[in-house]
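Fold and geometry: a report
Each chain is listed here by its residues.
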Amino acid sequence: MANCNSTKSDELFARAKEHIPGGVNSPVRAFLSVGGTPRFIARAEGQYMYDEDGNCYLDYIGSWGPMLLGHNHPLVAAEVVKAANYGLSFGAATKREVDMAELICDTVPWVEMVRMVNSGTEAVMSAVRAARGFTGRDKVLKFEGCYHGHADCMLVKAGSGALTTGVPDSAGVPEGCARDTLTAVYNDADSVERLLRENEGQVACIIVEPVAANMGVVLPKEGFLKRLRGLADEHGALLIFDEVITGFRLSLQGAAGYFGVRPDLVTYGKIIGGGMPVGAFGGRRDVMQVIAPVGSVYQAGTLSGNPIAMAAGLATLRWLKKHPEIYTETDRLGKILREGIAELGEKYRVPLAVNGVGSLLSVFFTEGPVTDCASARKADTEKFAKYFHGLLDRGIYIGPSQFEAMFLSAAHTDEDIAQTLEAVEEVFKIIG
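Rules used in this analysis
Residues numbered from 1 in each chain as written. Predicted model: local features only at pLDDT ≥ 70, side-chain atom pairs only at ≥ 80, totals over all residues. Heavy atoms only, no water. Helix = DSSP H or I, 4+ residues; strand = E, 2+ residues; numbered from the N terminus. Rg over C-alpha atoms; globule rule 2.2 N^0.38 Å. Buried < 20%, exposed > 50% of the residue type's maximum accessible area, 1.4 Å probe, protein only. Pairing = 2+ DSSP bridges. Lys, Arg positive; Asp, Glu negative; His and termini not counted. Salt bridge = Lys/Arg side-chain N within 4 Å of Asp/Glu carboxyl O. Core = buried A, V, L, I, M, F, W, Y, C linked by side-chain atoms within 4.5 Å. Contact = heavy atoms within 4.5 Å. Phe/Tyr/Trp six-rings, centres within 6.5 Å; stacked < 30°, edge-to-face > 60°. Lys NZ or Arg CZ within 6 Å of the ring centre and 35° of its normal. pLDDT = per-residue confidence, 0-100. 1 Å grid on protein atoms, 1.4 Å probe; cavity = no way out; pocket = protein on both sides within 12 Å on 5 of 7 lines; lining within 4 Å. Points joined across faces, edges and corners; volume = space filled by probe spheres on them. Nonpolar A, V, L, I, M, F, W, Y, C, P; charged D, E, K, R; others polar.

1. Overview of the overall build of the protein
Scanning the protein from terminus to terminus reveals 15 helices and 14 strands. Its C-alpha radius of gyration of 21 Å places the protein within 12% of the 22 Å reference for a compact globule of 432 residues. Reported as C-alpha extents along the three principal axes, the dimensions of the protein are approximately 55 × 55 × 45 Å. Looking at the protein as a whole, 57% of its 432 residues qualify as buried.

This is the structure we're talking about:
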């Protein structure tokens, strides 16, 4: 259990607010929707994080997804140190970039070519630009509550931090940038079809999180993704799966492999960098060949394919290929945790919807199923805040927002799940 002392974090947060907007470099870290002082982390190992005050937390954030092997995995750390001995960045081509491209393309059949970038936001921005360049169309169709990074055209009814703060449409985004963004309802393929017919011949791509994980975890209904594939083909649009979160997490072939639906383009991040800043987009060869220097769609990045990030990502992906049993194991633990929380909610009469798949899950404090952004918004955020702080005080670290996912890793154990459920029970006794 954490000792609840936050003196150093309090001091650091006060200093940070003087020179960093909101005292944080990413909004959800600010604890804005749950209140209190964000914890300043000093180190992490395996399934644990330690803050500047010496508190130890059983971590279910995992750096928001990259740490599928657990924090500071010795193999990944060793490869990073080894690579750093040869230089941090060259601004020139390296063998590791080729190795990474070959590894991804060999693992994921529908990725015939791939371009490395520096973040998930950049990957999405570049994939959308490629789709527009390939089709000669301007409009993009996305879904309410799905977060695809903070590029201007994507900050329309977005999820993640934008949903957490209650400001889904960002200031500073010109009307013209958002004019060509169409928004459908997640899990409602009819809403997609209506928009495609109303904008016939104008939609370049349909972009979707195959498992929504930025309005909390919301699973695709049976047949939803296949219907999107069919509608994209029917209307001449490309289908883009944003797998920044689900890529290499649900399976070696991501959510596309898990659900058996083939996208035209896919975006990656998080796990492919092993914790280092990274992103990638790839897919059909004919589409990817519109990218410069081969084609006319410009995309570039000084640190793209950074040798340190490639070393960490290669070590992570190679480990996953050698140990595919991790997916069975994290799915087993995730199921125990999901079912355990649901049972405790029923026992203590706490209205809950527990959504999840594999190593992803979310707990919504609401009655009835959560299947889209509208139903997610019905969740009781005040009750979530009490739940969050109750767990934090008991040494369990989850995302400080009702609308973020929990992430399991290969480092988590049955004992960790039991400890977590004990803490949940104690909190439910109080808030039920």
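Having seen it, we continue.
2. Some remarks on the pairing of strand 2 (residues 48–51)
Side chains of strand 2 alternate between two faces, with M49 and D51 buried and Y48 and Y50 left unburied. In the sheet, strand 1 (residues 41–45) pairs with strand 2 via four bridges, with the strands oriented antiparallel. Note that in strand 2 the partner of I41 across the bridge is D51. The sheet contact formed by strand 2 and strand 3 (residues 56–59) spans three bridges and is antiparallel. Following the sheet pairing, Y48 is matched in strand 3 by L58.

3. Notes on the side chain of R338
Relative to the helices and strands, R338 is located in helix 12 (residues 325–347). At 4.5 Å, D331 is the nearest oppositely charged side chain to R338, a buried residue that forms no salt bridge.

4. Re the sheet that holds strand 1
Read across the open sheet, the four strands follow the order 1-2-3-13; overall the sheet is mixed. Sheet topology places strand 1 and strand 13 (396–397) at the edges, where each strand pairs with a single neighbour.

5. Describing the pairing of strand 3
A loop of four residues connects strand 2 with strand 3, the two strands running antiparallel in sequence, and G54 in this loop sits at a positive phi of about 90 degrees. Examined bridge by bridge, strand 3 and strand 13 share two bridges and lie parallel to one another. Residue pairing across strands places D59 opposite Y397, the latter belonging to strand 13.

6. What to know about the pattern of salt bridges
When their charged atoms lie close together, side chains carrying opposite charge are able to pair. Applying the stated criterion across every chain, the model contains 14 salt bridges. The partner of D264 in a salt bridge is R229, with the nearest N and O atoms 2.8 Å apart. Here D264, found in the loop between helix 9 (254–259) and strand 9 (265–269), pairs with R229, found in helix 8 (residues 224–235); they are 35 residues apart in sequence, far enough to count as distant. Accessibility classification places D264 together with R229 in one group, the buried group.

7. Topic: the nonpolar core
Of all hydrophobic cores here, the largest spans 61 residues; its most connected members are L141, F143, F248 and L320. In terms of residue count, the dominant contributor to this core is helix 11 (residues 307–322) (eight residues). Non-local contacts of L320, meaning those with residues more than four positions away in its chain, are made with L68, L69, F248, L252, I271, I326 and Y327. By size, the runner-up hydrophobic cluster in this structure holds 48 residues, among which are A213, V217, A255 and L391.

8. Here we look at the packing of aromatic side chains
In this structure the tally under the stated criterion is 12 aromatic pairs. Aromatic pair F143 and Y186: ring centres 6.1 Å apart, planes at 85 degrees, arrangement edge-to-face. In this pair, F143 is assigned in strand 5 (residues 139–143) and Y186 in the loop between strand 6 (181–184) and helix 7 (189–198), connecting sequence segments 43 residues apart. When its relative accessible area of 1% is taken as the criterion, Y186 is described as buried. On the numbers, 6.3 Å between centres and 85 degrees between planes, the contact of F365 with F428 is edge-to-face. Taken together, the positions of F365 in the loop between strand 12 (360–364) and helix 13 (373–376) and F428 in helix 15 (residues 414–431) put the pair 63 residues apart, joining distant regions of the chain. Residue classification places F428 among the buried positions, given a relative accessible area of 0%. Put simply, the rings of F365, F384, Y387 and F428 touch in pairs and so form one group of aromatic residues. The ring of Y50 has R43 lying over it, and the distance from NZ or CZ to the ring centre is 3.9 Å.

9. Overview of the confidence of the model for the protein
Residues of the protein with pLDDT of at least 70 account for 94%, and the chain-wide mean is 93. Below a pLDDT of 50 lies the segment residues 159–168, which in the model reaches 26 contacts outside its immediate sequence neighbourhood of four places, other chains included.

10. Some thoughts on the sheet that holds strand 14 (residues 406–407)
Pairing within the open sheet is antiparallel, and its three strands lie in the order 11-12-14. Both outer strands of the open sheet, strand 11 (353–357) and strand 14, are each paired with one neighbouring strand and no more. With two bridges connecting them, strand 12 and strand 14 associate as antiparallel partners. Considered in strand 14, the bridge of L360 is made with F407.

11. Some words on unusual backbone geometry
For the bond from A292 to P293, the omega torsion is 10 degrees, close enough to zero to count as cis. Considering the arrangement of structural elements, one finds P293 in the loop between helix 10 (285–288) and helix 11. Of note, N187 is a non-glycine position whose phi angle comes to about 75 degrees, a positive value. Residue position: N187 is located in the loop between strand 6 and helix 7.

12. As for the environment of A353
If you trace the backbone, A353 turns up in strand 11. On the basis of relative accessibility, which here comes to 8%, the residue A353 falls in the buried class. With 222 residues separating them in the primary sequence, A353 and A131 have C-alpha atoms 36 Å apart. Apart from the residues within four sequence positions on either side, A353 is in contact with S362, V363, F364, T366, G368 and V370.

13. Considerations on empty space enclosed by the protein
One pass over the structure, following the stated rule, counts two cavities of 30 Å³ or more. Every residue along the wall of the largest cavity is listed here: S362, V363, F384, Y387, I398, G399, S401, Q402, E404, A405 and M406. Residues that form the lining of the largest cavity fall into these classes: six nonpolar, four polar and one charged. What lines the second largest cavity is simply G46, Q47, D59, G62, M67, G70, H71, R249, F407, L408, S409 and H412. Looking at the lining of the second largest cavity residue by residue, the class counts come to three nonpolar, seven polar and two charged.

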